[in-house]
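# Structure assessment
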There are 2 protein chains.
Amino acid sequence: MSGIRLSDLAARVGFDISTVSRALRNDPRVRSDTRERVMREAEAMGYHPNLTARALAEGRSRTVWFILPGLERPIERRPASIASRWFLERGYDLLIVQHHGDPVVYARVLERLANGGADGAILIPHSPPEGLAEGVLVEAGIPFVYLDRYAPGIGAPVVTTDNVMAAAALFDALAAAAEKSGKPVAAAVDAFFPERNPVEAARSKGWREAAARHGIPVVGKNGSPVGISSGSPTVPPAGPIALAGSNARWLERARLSFDALAGRKELLAAVFDDWRGPRTAYETILVAVQDFRTMAVSASELLLNGLENGAGAPEKPILVPISGLCGPDDVARPDEL
Amino acid sequence: MSGIRLSDLAARVGFDISTVSRALRNDPRVRSDTRERVMREAEAMGYHPNLTARALAEGRSRTVWFILPGLERPIERRPASIASRWFLERGYDLLIVQHHGDPVVYARVLERLANGGADGAILIPHSPPEGLAEGVLVEAGIPFVYLDRYAPGIGAPVVTTDNVMAAAALFDALAAAAEKSGKPVAAAVDAFFPERNPVEAARSKGWREAAARHGIPVVGKNGSPVGISSGSPTVPPAGPIALAGSNARWLERARLSFDALAGRKELLAAVFDDWRGPRTAYETILVAVQDFRTMAVSASELLLNGLENGAGAPEKPILVPISGLCGPDDVARPDEL
DNA sequence: TTGTACGCGTTATCAC
DNA sequence: GTGATAACGCGTACAA
């Protein structure tokens, strides 16, 4: 550390350590000239408080964690960046912690959080979220907010995209595009993973419901690539096929492993957040972009509320609408360099 | 916090608090059956040490920061992810802190680091790096390692890509490709920013040196878009033109604002890490991918050395070769979901 | 092998 | 207004 302690400063200015402490923290009880004197000397000596000691004494660190699986997916890193600035402006430091989607690391991180790591956290759990590790937080009275994914049944606020509506919007848009070109969609493929987490489940639901509304059959068993690759009994009718999944990676897996799709040329793609796949395999590619800013700010506000006003009510999930649909090249890129 | 303190546990098992403390930390002096007893009871009571108190007593937190501008650029987030796992396996927690490229936030972060935030840090500074804020770290004796960018003159280890060689390799490859297609490169555009930081300077140098070696003229004033847009006196000869910059964004700015390029069809592009730009504006697009893993591990090893063996020698920069050149679609994507 | 006592650097609670 | 003094929870020489 900086070497210079409060006691050093106190000795230098001739006041007691407690008076100096008060002076530095703008306590109204100290005389203004005393404060001036202390401030000036602190500056001169290059004094800076030891934050560990302060945290121990105050019982809080004015620090918040943003816990996430990794940094590669926009839904994970973008809200983290936004929340970082948001908390910075309010006197808190936000630290980002990765659990790498590993349950063991995840448990360790929460453990550490519960024992003095930070005052609270925004949390994107691993998949599938079991809600076991979160017990230590609840027990320790550490406020936290789930973002995007969440474990149902835990008494914590949840902020997530309205995924049912988003998936339905994707279907509607693809159907309209196909209709317009004279070749209406003949079948839909569901490449979501409803059993993985609530997000995937909601998207699968929205996609299938929209297809049903349009009277279009959905092929593939339960949307899982396993079912798809093992050969679905359903043979899709002739005509364009619309595929949907959370990202290009899973969509591609479905496309390449689903026998019924072999040789089909008229394919339409729908994914979330960005397109990281081939450009030529699909006639139309549509991306649903989540509203990262609104999600981050909502979660931050909820957390700050829990931080300063005690545990907030475990309200029902906040569903944020997507910010819109667009093509693979139109996804907004935040500034860089 | 968890509520349960060491003293509670001590009272429960009937031993002194210090004995319990030792037992939990596997001190060889405590009898094995005592340790067993303590361990079992600790488990039962759900005891977990208060990390703030431990940090204060021990004088260190077994925590490391990875300080970076943001999460959007691969060179920033990928090493952070890799270093996170690396330190995790060695008993340290790595926390990621953003400074958003803002000098004020940057100074505040370093200040906080110097006063108990963590035991050390890997640091990607803002541009242009001035080396002023780093003084607090040196003064406080906090070990840190510069990654990618760095402020010259600070006594800290530096790990960065061999950017001179990388830029030269890009030029050679583009020249070879053009040659092969029968239309050799006629001119080169330098869209780096040598005055911004050492990385940009090295790339500009490598690019220009390679061009000179091939006897090909470089147009644009000092490589800066300002110079380019203000109309360089040099009119490039007819034939393919090779543009290089750190990313597609700056390359595009140069292409669109440089009068001499207006209407030219035969353009070749060279960038670093990934391509986030139009696919059709260039005949060839080449990406130099930095070796994030080697960079992260090298920096981590240097930091750990400083952490455990005292300040390591301020050796000269470690230059890591790029992992290779590839097309815009072949950039490796780490696993997601 | 276990217990005592003090230190880590601040903040908070009392007196004065 | 200011000064002692006790927390905060844990680690560790030193003593026993």
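Relevant structure appears above.
These lines cover the structure that appears in this document, whether it is placed above or below. (Residues numbered from 1 in each chain as written. Chains lettered and ligands numbered in written order. Predicted model: local features only at pLDDT ≥ 70, side-chain atom pairs only at ≥ 80, totals over all residues. Heavy atoms only, no water.)

### Some remarks on the overall build of chain A
Stated precisely, the cut-off is as follows: Put simply, DSSP marks the helices as runs of H or I at least four residues long and the strands as runs of E at least two long, and each gets a number from the N terminus on. Throughout, radius of gyration means the C-alpha value; the globule benchmark is 2.2 Å times the number of residues raised to the power 0.38. Think of it in three bands: with a 1.4 Å probe and only protein chains considered, a residue is buried below 20% of the maximum accessible area for its type, exposed above 50%, and partly exposed in between.
Along chain A, the regular secondary structure elements total 12 helices and 12 strands. Against the globule reference of 20 Å for 337 residues, chain A gives a C-alpha radius of gyration of 26 Å, more extended than a compact globule. Along the longest, intermediate and shortest principal axes, the C-alpha atoms of chain A span 90 × 40 × 30 Å. The proportion of buried residues among the 337 residues of chain A is 55%.

### A few points about the relation of the copies chain B and chain A
Defined as follows: Least-squares superposition of the copies uses the C-alpha atoms of those residues scoring a pLDDT of at least 70 in each of them. Contacts were defined at the residue level, with two residues in contact if any of their heavy atoms lie within 4.5 Å.
Superposing chain B onto chain A requires a rotation of 180 degrees together with a translation of 0.1 Å along the rotation axis, leaving an RMSD of 0.1 Å. Such values leave the two copies arranged in the relation of a two-fold axis. Of every C-alpha in chain B, the one belonging to B:Ile96 sits nearest the axis of rotation, 2.4 Å from it. When the interface residues of chain B are mapped onto chain A, 100% of them again lie at the interface, so the same face is used by both copies.

### Looking at the protein's contact with DNA strand D
As a reminder, the rule being used: Residues are labelled near a given molecule or strand when at least one of their non-hydrogen atoms is within 4 Å of it. Any pair of nitrogen or oxygen atoms within 3.5 Å is treated as a polar contact; in protein, a donor-acceptor pairing is required on top of that, and neighbouring residues in sequence qualify only through side-chain atoms on both sides.
Every one of the 24 residues lining DNA strand D counts as a neighbour, but A:Thr19, A:Arg29, B:Leu6, B:Tyr47 and B:Arg54 are closest to it. A breakdown of the atoms of DNA strand D within 4 Å of the protein gives sugar and phosphate a share of 69%. A:Arg22 places a side-chain nitrogen or oxygen 2.8 Å from a base nitrogen of DNA strand D. Within the side chain of B:Ser21, an N or O atom sits 2.9 Å from a phosphate oxygen of DNA strand D. Elements represented by at least two residues in the surface near DNA strand D include exactly α2 (17–24) and α4 (51–58) of chain A together with α2 (17–24) and α4 (51–58) of chain B.

### Digging into the packing of aromatic side chains
Cut-off, in case you're wondering: What counts as a ring pair is set by centres within 6.5 Å for rings of Phe, Tyr and Trp (its six-membered ring), and what kind of pair is set by the plane angle: stacked under 30 degrees, edge-to-face over 60, tilted for all other angles.
Scanning the entire structure with this criterion turns up 14 aromatic pairs over all chains. For the pair A:Phe87 and A:Tyr92, a centre-to-centre distance of 6.0 Å together with 75 degrees between the ring planes defines the contact as edge-to-face. For the pair formed by A:Phe87 and A:Tyr92, the shared burial category is buried. With 6.4 Å between their ring centres and 70 degrees between their planes, B:Phe192 and B:Phe272 make a pair best called edge-to-face. Linking B:Phe192 in the loop between β6 (187–190) and α9 (198–214) with B:Phe272 in strand β9 (residues 267–272), this pair joins segments that are 80 residues apart in sequence. The exposure class of B:Phe192 is buried, given its relative accessible area of 0%. On the basis of relative accessibility, which here comes to 2%, the residue B:Phe272 falls in the buried class. Taken together, the ring pairs in this structure connect A:Trp86, A:Phe87 and A:Tyr92 into an aromatic cluster.

### What to know about the interface of chain B and chain A
Defined as follows: Buried area, as used here, totals the accessible surface that two parts lose on assembly, with accessibility defined by a 1.4 Å probe and the loss added over both. A pair is scored as a salt bridge if a Lys or Arg side-chain nitrogen falls within 4 Å of a carboxyl oxygen belonging to Asp or Glu. Under the convention adopted here, Pro, Cys and the residues Ala, Val, Leu, Ile, Met, Phe, Trp and Tyr are nonpolar, Asp, Glu, Lys and Arg are charged, and Gly plus all remaining residues are polar.
Counting residues at the interface gives 54 residues for chain B, matched by 54 residues for chain A. Contact between chain B and chain A buries roughly 5,700 Å² in total, counting both sides, with carbon and sulfur atoms accounting for 52%. Summed over the shared surface of chain B and chain A, the result is 10 salt bridges. The partner of B:Glu72 in a salt bridge is A:Arg78, with the nearest N and O atoms 3.0 Å apart. Of all the elements in the fold, those that place two or more residues in the side of chain B that touches chain A are α4, β1 (63–68), α5 (74–88), β2 (93–98), α6 (103–117) and α11 (248–257) of chain B. Its residues assigned to classes, the side of chain B that touches chain A comprises 21 nonpolar, 15 polar and 18 charged.

### Side note on the pairing of strand β9 (residues 267–272) of chain A
All names here are of chain A. The criterion, for reference: We treat two strands as partners when DSSP finds at least two bridges between them.
Most of β9 sits out of view: six of its six residues are buried. The two faces of β9 match: Leu267, Ala269 and Val271 on one face and Leu268, Ala270 and Phe272 on the other face are all buried. Direction of pairing for β9 relative to strand β10 (residues 284–289): parallel, over a ladder of five bridges. Counted as the bridge partner of valine 271 is valine 287 from β10.

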